[in-house]
Amino acid sequence: MRAADGLLAVAVAAAGAHLLLSMQLPALAALFAVATVLAPLPAWLGWRRPLAPTPGLAFITFVSGGLLGYMALADWVPADSWAADFAVFGGLCLAMLVLLWWLLGTRAAAPPGRAGDPSGDTLAATALALAVLIPRRLPLDILTQALPWAAALAAVLAPLVSRLGAKALRRAAWLLPVVLVLPVVEPALRAAQRPLLGALFSAMPAPRGDTGFSPLAQLHASGLLQPNRRPVLRLWVAGGTPPPYLIGNRLLTLDARYQWTGVDPAGPGIERESAPAGQRYRLAPGKPTWSLAAHSLRRDDLLFVPAGTQTLDVTDASLGVDGAGVLRAQFAGRADRRWQAAGAPPGAQARAPAQALALPAFWDADLQAAAAALAGPDAAQTAARIGAELRGRRYSLNYRLDRQAPFRDFFLNRRPAHCFWYATAAALALRANGVPSRLVTGYLVSEPLGGGAFLVRERDAHAWAEWQDAAGRWHTLDATPANYDAVLADYGGGAFERAWQRLAARLDTWWHTVALTDAQVQAVLLAGLAVLVGLFVREYRRLRRVAPRIGHSREWQRLWRRFLRVSGLPERAQWTATDYVDHLPQSWPPQRRAAARRFLELYAAARFSPRGTPAEAAAALRACRRRGLSG
């Protein structure tokens, strides 16, 4: 069994190191690997084992790990580690590693040939799952490539060795050349993946991709997009009627690669003001007519606000604009990503820059003629005609356009596509008719939760155009076809999921009314952690006191089952030891019957005694077996 224990130790060590390296904790990964490889050593030396983890202790460990992850993991790991964004899940993973190490050091070796080994199977299955499911840290090196393979191989071999012994290792040795070649072949397969997929692209559907907000998105000639219904924002309208469009950024230039760049230089001017609570930033002058509160569920610090936003109130955050023109709040510590916006219909602004009238290099006479046919007497009617023409087409997330001239194919041949193409077409057609325009990306709010609350999902990521009139006011033009809502209707979640979101919004509203400072929240969490530690120690000590009785009970059961198997007698709850003696097989010789009687007397005398131990009965059973009881 030492070979199986060693393989389990290698599997857990490799899987744990793989997980910790993916979290960018190399020192902890090395420490865990060494401690795990040495974990079976005390059992091999015959030292006293600690108590094995029970379901109750495992539950307390998981809850404590999740709480510690929420409190501190984001501050321990590098900022670009996935554990910084998923701190609670990272804490649960660390708790799982602790339980695996604990179980590995306390498991009792199963006898060779036994049908099952629950603790070993649990360790092997968990190590295999970690090796397969946890993504590898980039950039790849020899260690990060080898660890998942080593964990998977050891996890597969360990159960086989525990059941088949050394024969399993000899047979598995034939697979060693294949295993050694796999890490070398994998980079070659990954390198060939892109050209192979490119060669098959014309015959196969386009690869799937999740929809979502992208600051500098690019137009692609084809796509098969899968809307993502993950929630990203909760909104509460506090007064008035704000616009349903939440702005991420505004872009001016479409280059030859069909990528929108060039952030509008007339972006929000941010001025800090005093506020009753938190910090207030003024983006535009004026008196607000509407207000809303937002709670971001995204894993970043981006802020999305409607057009015409005048003030932004945030707590423990500094506000700025990033290189892509998106509002970004540098929230302090683990502060909630919340803000309040207030505004009114946007007023007149300075004339748009020359980029708002610039057309891309691929704009030709045919495109100009098609756009000019939509011109109206003034800018407002031109925008209305362009919007009506484009909205009369068909929206689709599964589209394929001419690779050489995708926009020409889309605009002139009325091809279906998604909102980004229609927003681009609207902006360029306006420019072709002398109307300044810009492309806007963000979210479209369309899912009410009741009570003035709304939910925004990644599927609601949207693009539209804005145009400027002669007075300097900017207006929204959403040219997305009418079947847009029908296409996305199937990606809003089921009835249960929507009911949960409504409940979550109400709980969010209630929790926000509970005024707790960050220090108070930390105090509550530390108190909860202290309670969990106390419960863990109390439960462990209680189980340590009753562990001998539990172990004796299991040993008695094993001895009794062995006796029933040898004697061929049925188990009868109403039978006494005398009844079992009377029903012993008549074919047994007197010596064997006397040995069985002695075992039954010891069993009846010590089995249910508070101080009874199975040691004497086990010795008697061994003596009985020497006299032929074992058959």
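Thresholds applied
- Residues numbered from 1 in each chain as written.
- Predicted model: local features only at pLDDT ≥ 70, side-chain atom pairs only at ≥ 80, totals over all residues.
- Heavy atoms only, no water.
- Helix = DSSP H or I, 4+ residues; strand = E, 2+ residues; numbered from the N terminus.
- Buried < 20%, exposed > 50% of the residue type's maximum accessible area, 1.4 Å probe, protein only.
- Contact = heavy atoms within 4.5 Å.
- Areas by Shrake-Rupley, 256 points an atom, 1.4 Å probe, with all protein chains shown as cover.
- Pairing = 2+ DSSP bridges.
- Axes fitted to C-alpha atoms, helices over the stretch in contact; angles between N-to-C directions.
- Phe/Tyr/Trp six-rings, centres within 6.5 Å; stacked < 30°, edge-to-face > 60°.
- Expected span 1.5 Å × (residues − 1).
- Arc of directions from axis to C-beta.
- Polar contact = N/O pair within 3.5 Å; in protein donor to acceptor, adjacent residues only side chain to side chain.
- Core = buried A, V, L, I, M, F, W, Y, C linked by side-chain atoms within 4.5 Å.
- Parallel < 35°, antiparallel > 145°, perpendicular 65-115°, else oblique.
- Left-handed = near helix turned anticlockwise from the far one by under 90°.
- Nonpolar A, V, L, I, M, F, W, Y, C, P; charged D, E, K, R; others polar.
- Salt bridge = Lys/Arg side-chain N within 4 Å of Asp/Glu carboxyl O.

**Student:** When you look at the overall build of the protein chain in this model, what are you seeing that I'm missing?
**Tutor:** Looking only at helices and strands, one finds 20 helices and 19 strands in the protein chain. Counting across all 631 residues of the protein chain, residues that qualify as buried make up 43%. The contacts in the protein chain between residues at least 6 apart in sequence include a share of 71% that link residues at least 24 apart. Looking at the protein chain as shown, the accessible area adds up to about 32600 Å², and 61% of this sits on carbon and sulfur atoms.

**Student:** I keep staring at the sheet that holds strand β8 (residues 290-296) and nothing clicks. Help me out?
**Tutor:** Strand pairing in a sheet takes place through backbone hydrogen bonds and is either antiparallel or parallel in direction. Ordered by their spatial adjacency, 8 strands build an open sheet running β6-β7-β10-β13-β8-β3-β17-β16, and the pairing between neighbours is antiparallel. Edge positions in the sheet fall to β6 (271-273) and β16 (447-450), since each has one partner strand and no second. Sheet twist, expressed as the mean angle between neighbouring strand axes with direction ignored, is 25°. Strand direction decides the pairing type here: strand β7 (residues 279-282) and strand β10 (residues 309-314), joined by 4 bridges, are antiparallel. For Y281, the partnering residue across the bridge sits in β10 and is L312.

**Student:** Where do I start with the pairing of strand β15 (residues 437-444) in this structure?
**Tutor:** Burial of β15 is extensive: 8 of the 8 residues sit out of reach of the surface. In this sheet, β15 lies alongside strand β4 (residues 245-254) in antiparallel orientation, the contact comprising 6 bridges. Note that in β15 the partner of R250 across the bridge is V440. Relative to strand β18 (residues 461-468), β15 is paired through 7 bridges, and the arrangement is antiparallel. Looking at the pairing, S437 lines up with W467 of β18.

**Student:** Could you clarify how one ought to interpret the packing of aromatic side chains in this entry?
**Tutor:** Per the counting criterion, the structure on display carries 14 aromatic pairs. Seen from their ring centres, F410 and Y422 are 5.0 Å apart, and the 80° between their planes marks the pair as edge-to-face. Here the residue F410 occupies a position in helix α13 (residues 406-412), and Y422 occupies one in helix α14 (residues 419-432), the gap between them amounting to 12 residues. Within the aromatic cluster, the residues linked to one another by ring pairs are Y258, F362, W363, F407, F410, F411, W421 and Y422.

**Student:** I tried to follow unusual backbone geometry on my own but got confused; where do I start?
**Tutor:** Most peptide bonds take the trans form, and the phi angle of most residues other than glycine is negative. Located in the positive-phi region is Q24, a residue other than glycine, with phi close to 65°. With respect to the element layout, Q24 can be found in the loop between α1 (2-22) and α2 (26-37). Even without being glycine, Y258 reaches a positive phi, approximately 60°. With respect to the helices, strands and loops of the structure, Y258 is situated in the loop between β4 and β5 (260-263).

**Student:** What am I meant to see in helix α12 (residues 379-391) here?
**Tutor:** Between its terminal C-alpha atoms α12 stretches 18 Å, which fits the 18 Å expected from 13 residues at 1.5 Å a residue. Every buried residue belonging to α12 is among T382, A383, I386, G387 and L390, and all of these are buried. Buried residues of α12, seen end-on, are gathered within an arc of 130° and therefore sit on one face of the element. Along its buried surface, α12 packs onto α13, α14, β18 and β19 (474-477). For α12, the capping residue at the N-terminal end is D378, with a side-chain oxygen 3.3 Å from the backbone nitrogen of A380.

**Student:** For this particular structure, what's the right way to read the nonpolar core?
**Tutor:** One recurring pattern in soluble globular proteins is that nonpolar side chains are buried together. Residues W260, L390, F407, F410, F411 and W421 are the most contacted members of the largest nonpolar core, which totals 49 residues. Breaking this core down by element, the ones donating at least two residues are β4, α11 (365-372), α12, α13, α14, β15, β18 and α15 (484-488). With 12 residues, the single largest contributor to this core is α14. When near neighbours in sequence (up to four residues on either side) are disregarded, L390 contacts F411, Y422, A425, A426, A479 and P481. Judged by nonpolar contacts, the second largest core, of 40 residues, contains A14, A127, L130 and A154.

**Student:** So what exactly am I meant to see when it comes to the packing of α2 against helix α6 (residues 87-106) here?
**Tutor:** Running from amino to carboxyl end, α2 crosses α6 at an angle of 20°, the nearest separation of the two axes being 10 Å. Taken together, α2 and α6 sit at an angle that is classed as roughly parallel. Relative to α6, the crossing made by α2 is left-handed. From α2, F32, A35 and T36 reach across to α6, where they touch L97, W101 and L104. Split into classes, the residues belonging to the contact of α2 with α6 amount to 5 nonpolar, 1 polar and no charged.

**Student:** I would appreciate a short explanation of the environment of P148 in the present structure.
**Tutor:** Within the element layout of this structure, P148 appears in helix α8 (residues 142-164). Taking relative accessible area as the criterion, P148 reaches 11% and is therefore assigned buried. Taking the C-alpha atoms as reference, P148 lies 9.7 Å from L133; in sequence the two are 15 residues apart. When neighbours within four sequence positions are excluded, P148 is seen to be in contact with H18, A131 and R136.

**Student:** Sorry if this is basic, but what is going on with the side chain of S296 here?
**Tutor:** If you trace the backbone, S296 turns up in strand β8. Look at S296 and you get buried, because its relative accessible area is 5%. Leave out the neighbours within four places in its chain, and S296 touches V232, L233, R337 and W339.

**Student:** Could you clarify how one ought to interpret the pattern of salt bridges in this entry?
**Tutor:** Pairs can form between side chains of opposite charge once their charged atoms are near each other. Tallied over the full model, the rule gives 14 salt bridges. A salt bridge links D255 to R257, with the nearest nitrogen and oxygen atoms 3.4 Å apart. Across the salt bridge formed by R408 and D364, the nearest N and O atoms sit 2.4 Å from each other. You can see R408 sitting in helix α13 and its partner D364 sitting in the loop between β13 (338-343) and α11, a full 44 residues away along the chain. What makes R408 partly exposed here is its relative accessible area of 31%. Its relative accessible area of 27% is what places D364 among the partly exposed residues. Beyond isolated ion pairs, a larger network of salt bridges with shared partners links E447, R457, R459 and D460.

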